[in-house]
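Here is how the chains run, residue by residue.
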Amino acid sequence: MNYNWNWGVFFQSTGIGSEIYLDWFVTGLGWTIAISLVGWLIALVLGSLLGVMRTVPNRLLATIATTYVEIFRNVPLLVQLFLWYFLVPDLLPEPLEMWFKQDLSPAASAYLSVVVCLGLFTAARVCEQVRTGIQALPKGQLNAGYALGFTLPQVYTTVLLPQAFRIIIPPLTSEFLNIFKNSSVASLIGLMELLAQTKQTAEFSANLFEAFTLATLIYFVLNMSLMMIMRWIEKRVAVPGLISVGGK
Amino acid sequence: MDFSAIIPALPGLWIGMITTLELLVLGVCGGVALGTALALMRLSHNKTLAKIAATYVSYFRSIPLLLVITWFYFAVPFVLRWITGVDTPVGAFSSCLVAFVMFEAAYFCEIVRAGIQAIPRGQMGAAYALGMTYGQTMRLVILPQAFRKMTPLLLQQSIILFQDTSLVYTVGLMDLLNAARSRGDILGQPHEFLIFAGLVYFVISFTASRAVKHLQKRLAV
Amino acid sequence: MISIQNVNKWYGDFQVLTNCSTEVQKGEVVVVCGPSGSGKSTLIKCVNALEPFQQGDIVVDGTSIASPKTNLPRLRSRVGMVFQHFELFPHLTITENLTIAQIKVLGRSKDEATQKGLALLDRVGLAAHAHKHPGQLSGGQQQRVAIARALAMDPVVMLFDEPTSALDPEMVNEVLDVMVQLAQEGMTMMCVTHEMGFARKVADRVIFMDRGQIVEDCTKDTFFGDINGRSDRAQQFLAKILQH
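The Subcellular location (unreviewed entry) comment attached to chain C in UniProt states, word for word, "Cell membrane".

Annotation of chain A in UniProt includes, under Sequence similarities (unreviewed entry), the sentence "Belongs to the binding-protein-dependent transport system permease family. HisMQ subfamily."

Right, dumping it as structure tokens:
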């Protein structure tokens, strides 16, 4: 069978309204970024909190955080997404359930589920990085903080965390990149992010190699640019002479 | 919630589980083999080979696995037709397996590369000094040591792959998750079956990671 | 047996070996010494082509190393080498260390290789350790196994690259004893070492290197007997090393 190569396909009409296929990719990329950034925000805040909990001298807090990490790391992302999308709404109180199922548009409810899912999933990973970062600091730092009269929360906010975050930027970067890649699972609950738009283009236009090549290219460029941004941040916040560990 | 319907469905779920495990085992074997070849290319003195391997790795590491699975599902039949000239039906299983092998190889490559680089340079010299060829040096001296050192990392990556096999849902392959989803839908108990599938994944992954951590501690001593 | 002819070697712009030439006759024991960074280890590694060089040639038992036609693995299988850090293979037992190259490189049968390996292990006084792994032996013991491993290949010449410098002082002698015995049996040896006692006892010639050049190349008696006749650099080196 012959395959009709047609790289101009992206500028052809989709037959729906005045849209060309490229518009679909732009919309898809928009969703991908919207999912990833909000998910990352949740992951960073919750993950840092959990990471701190794992290192404080309190059994209960540490156990809670450890349990969280074990659960969210050992269940496949897709299963988690289905749980958030199909199961959790049924468990909500009546008014909330109605709001989720009836008031929200299909896209909005899918978006909400995937953002929560990715945020909580990635938080478990961020937690482990934060914990590693804190534990990599010399023990004397904690004591020095105490010796100056700081309370434990003050020691964390003024001494430990500012250092820990600097040294875990490389592993955090890779988690940040992962959330962009993982956001593609949203296509499986019907959210038209980048991968879903690619699939749709491939099916509508029959130019599947072109569609997937473009998608690959977009992910590749996205990945590279995010990496450069993170490197820039790493340099900006670098403190001369501060140890650097991790990196993997 | 009523989990009693799961027991009669177990044989069906087990068939799904077998598909999951087949994907896992074949994916790990193929991925490690291809990944090792890529690692040797990346470390070779031949600049072209090194460059090809490096590009391969950074390419596959920057795109989502789900994209690779979807693409290969569409593309593998096409490509085969180009090569062989005849229509060869390719099942979802084969295209998913190819996707896993090629995708995971990029990750295994980096693990193997680090493992080889962790072996002292002198070992290579000693093997050469005994008259071994490059192939013998790698096969008999360097790789056996490197694989021993990186076993925990390889296993960790395999656990990730175990979880990632659930993504074959996208092409409708009946793995554990999909078997549970479809049975749940048929029986009108989607939640129970979903929770059950999640539990199975959890128990296996959790136990396996515990075992790997244990192994890591033993190797570290 | 070994003929080193005008060898020059650079790392980038930095010249590590300059016009090195010397000969090692069959049955001769040659000690190579010199300050660290003088290029002596590099030179000895050139002899079995573990280090490439850009100019000159080395001919070992009639085989030219610079020639592109030379089968390097075959050449190396006839040249024994002992390393500073032993470089036993840690994942193999002592017996396997002694036999793996015999079997895979020389194509000997497992029985023949094991017999040969164990006989040599006995010779270096370690027969009782055959089933252990290298990590379970002391440094001195490991180095003796390494010597046995090299001898198992029936080498025509043995190269030693600072075989005692990574050892604790109390283990140096057990290794030197094996080397002395080997020298007395007539093995052709080229040894990079600072052990001047060893040189005095068994060396036929001493080569002194500094900054990539062979500065002295003379008989043992001339080297140690006529110190005032030596170059300034060799005198300084000897003064430092012979104080003890």
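Once the structure has been displayed, the description carries forward.
Trainee: When you look at the UniProt feature "transmembrane region" (unreviewed entry) in chain A in this model, what are you seeing that I'm missing?
Mentor: Residue and element names in this part refer to chain A. As recorded in UniProt, the sites labelled "transmembrane region" (unreviewed entry) are residues 29–50, 71–88, 108–127 and 208–226. Its end C-alpha atoms 31 Å apart, residues 29–50 is made of 100% helix and 0% strand. Secondary structure over residues 208–226 splits into 100% helix and 0% strand, and the C-alpha atoms at its two ends are 27 Å apart.

Trainee: Could you clarify how one ought to interpret the UniProt feature "domain: ABC transmembrane type-1" (unreviewed entry) in chain A in this entry?
Mentor: In the numbering used here, UniProt assigns the "domain: ABC transmembrane type-1" (unreviewed entry) feature to residues 29–230 of chain A. As a span, residues 29–230 of chain A carries 86% helix and 0% strand, and end to end its C-alpha atoms are 20 Å apart.

Trainee: Looking at this structure, I do not really get the confidence of the model for chain C. What am I missing?
Mentor: Detailed reading of the predicted coordinates is not advisable wherever pLDDT falls low. All names here are of chain C. Scored by pLDDT, chain C has a mean of 92; 99% of the residues are at 70 or more. Predicted confidence in chain C is weakest over helix α9 (residues 232–242), with a mean pLDDT of 84, and strongest over strand β8 (residues 189–192), with 96. Two summary scores accompany this predicted model of the complex, namely pTM at 0.85 and ipTM at 0.91.

Trainee: How do you make sense of the interface of chain B and chain A when you look at a structure like this?
Mentor: Facing 36 residues of chain B, the contacting portion of chain A comprises 33 residues. A buried area of about 3,400 Å², summed over both sides, lies between chain B and chain A, and 75% of it is on carbon and sulfur atoms. There are 2 salt bridges connecting chain B and chain A. As a salt-bridge pair, R210 of chain B and E70 of chain A come within 3.3 Å of each other at their nearest N and O atoms. Remark: the boundary between chain B and chain A carries 7 residue pairs in polar contact (both at pLDDT 80 or more). Looking at the side of chain B that touches chain A, the elements with two or more residues in it are α2 (47–61), α3 (65–84), α7 (176–187) and α8 (190–220) of chain B. In terms of residues, the side of chain B that touches chain A owes the most to one element, α8 of chain B, which gives 11 residues. Among the residues forming the side of chain B that touches chain A, the class breakdown is 21 nonpolar, 10 polar and 5 charged.

Trainee: How should I be thinking about the nonpolar core in this particular structure?
Mentor: Counting 169 residues, the largest nonpolar core has V114 and L208 of chain A together with I2, I58, F89, L159 and M190 of chain C as the members making the most contacts within it. By size, the runner-up hydrophobic cluster in this structure holds 49 residues, among which are V29, V172, A203 and L238 of chain C.

Trainee: Explain the interface of chain B and chain C here, please?
Mentor: When the parts come together, some accessible area is lost, and that loss is often what is quoted as the size of the interface. Between chain B and chain C, the residue contacts involve 17 residues of the former and 19 residues of the latter. It is A129, L130 and L140 of chain B that lose the most area in chain B upon contact with chain C, and together they represent 35% of the buried surface on that side. Connecting chain B to chain C are 0 salt bridges. Joining chain B to chain C, the criterion identifies 4 residue pairs in polar contact (both at pLDDT 80 or more).

Trainee: Is there a simple way to explain helix α8 (residues 169–182) of chain A in this structure?
Mentor: Every α-helical turn comprises 3.6 residues, leaving residues that sit three or four positions apart pointing alike. With 14 residues, α8 of chain A should cover 20 Å at 1.5 Å per step; its first-to-last C-alpha distance of 19 Å lies within 8% of that length. All of the buried residues along α8 of chain A are I169, P171, L172, T173, E175, F176, L177, I179, F180 and K181 of chain A. Against the buried residues of α8 of chain A lie α1 (21–55), α5 (106–136), α7 (152–167) and α10 (208–237) of chain A together with α2 and α4 (92–117) of chain B.

Trainee: I tried to follow the arrangement of the chains on my own but got confused; where do I start?
Mentor: Among the 2 pairs of chains in contact, the pair with the most contacts is chains A and B. If you take every C-alpha in chain A and every C-alpha in chain C, the smallest gap between them is 27 Å, and the two do not touch.

Trainee: Would you mind showing me how to read the sheet that holds strand β4 (residues 55–60) of chain C here?
Mentor: Strand pairs in the sheet, formed through backbone hydrogen bonds, run parallel or antiparallel to each other. All names here are of chain C. Spatially, 4 strands are ordered β2-β1-β4-β5 in an open sheet, and the strand pairing comes out antiparallel. At either end of the open sheet lies a strand with only one pairing partner, and these are β2 (14–24) and β5 (63–64). Here 7 bridges tie strand β1 (residues 2–11) to β2, and the two strands are oriented antiparallel to one another. Residue pairing across strands places S3 opposite E23, the latter belonging to β2. On top of the sheet, helix α1 (residues 40–47) reaches β1, β2 and β4; it is set at about 120° to β1, its chief contact.

Trainee: What should I look at first to understand unusual backbone geometry in this one?
Mentor: Excluding glycine, residues mostly have negative phi values, and the peptide bonds linking residues are mostly trans. Residues and elements named next belong to chain C. Unusually for a residue other than glycine, D61 sits at a positive phi of about 50°. Judged by relative accessible area, D61 falls into the partly exposed class, the value being 33%. With phi around 65°, F86 is a residue other than glycine that occupies positive phi space. When you line up the elements, F86 lands in the loop between β6 (79–82) and α3 (94–104).

Trainee: Sorry, what's going on with the pattern of salt bridges here?
Mentor: If the charged atoms of two oppositely charged side chains come close together, the side chains can form a pair. Residues and elements named next belong to chain C. The final tally for this structure, using the stated rule, is 22 salt bridges over all chains. With a closest N to O distance of 2.5 Å, R78 and D61 form a salt bridge. In this pair, R78 is assigned in the loop between α2 (72–77) and β6 and D61 in the loop between β4 and β5, connecting sequence segments 17 residues apart. Notably, a salt bridge pairs K116 with D154, separated by 2.6 Å at the nearest N-O pair. Placement of K116 in helix α4 (residues 110–123) and of D154 in the loop between α5 (139–151) and β7 (157–161) is noted, with a sequence separation of 38 residues between them. The class for K116 is partly exposed, based on a relative accessible area of 27%.

Trainee: Can you help me understand the environment of Q80 of chain A in this one?
Mentor: All names here are of chain A. One can find Q80 in helix α3 (residues 77–91). Each C-alpha atom of the pair Q80 and V114 lies 9.4 Å from the other, and the pair is 34 residues apart in sequence. Each residue touching Q80, except ones within four places of it in the same chain, is listed here: I71, F72, V75, C117 and F121. A polar atom in the side chain of Q80 sits 3.0 Å from the backbone oxygen of V75.

Trainee: Teacher, can you tell me more about the layout of surface pockets here?
Mentor: Over the atoms rolls a probe the size of a water molecule, and its path tells where empty space is left. By volume, the second largest pocket is sized at about 800 Å³. If you list the elements that add at least two residues to the lining of the second largest pocket, you get α4, α5 (121–129) and α6 (134–164) of chain B together with α1 of chain C. Of the residues forming the lining of the second largest pocket, the biggest block, 5 residues, is contributed by α5 of chain B. Taken together, the residues of the lining of the second largest pocket break down into 13 nonpolar, 8 polar and 6 charged.

So, how was this worked out
- Residues numbered from 1 in each chain as written.
- Chains lettered and ligands numbered in written order.
- Predicted model: local features only at pLDDT ≥ 70, side-chain atom pairs only at ≥ 80, totals over all residues.
- Heavy atoms only, no water.
- UniProt positions renumbered as here; feature names shortened; annotations may be inferred.
- Helix = DSSP H or I, 4+ residues; strand = E, 2+ residues; numbered from the N terminus.
- pLDDT = per-residue confidence, 0-100.
- Contact = heavy atoms within 4.5 Å.
- Buried area = accessible area lost by both parts, 1.4 Å probe.
- Salt bridge = Lys/Arg side-chain N within 4 Å of Asp/Glu carboxyl O.
- Polar contact = N/O pair within 3.5 Å; in protein donor to acceptor, adjacent residues only side chain to side chain.
- Nonpolar A, V, L, I, M, F, W, Y, C, P; charged D, E, K, R; others polar.
- Core = buried A, V, L, I, M, F, W, Y, C linked by side-chain atoms within 4.5 Å.
- Buried < 20%, exposed > 50% of the residue type's maximum accessible area, 1.4 Å probe, protein only.
- Expected span 1.5 Å × (residues − 1).
- Pairing = 2+ DSSP bridges.
- Axes fitted to C-alpha atoms, helices over the stretch in contact; angles between N-to-C directions.
- 1 Å grid on protein atoms, 1.4 Å probe; cavity = no way out; pocket = protein on both sides within 12 Å on 5 of 7 lines; lining within 4 Å.
- Points joined across faces, edges and corners; volume = space filled by probe spheres on them.

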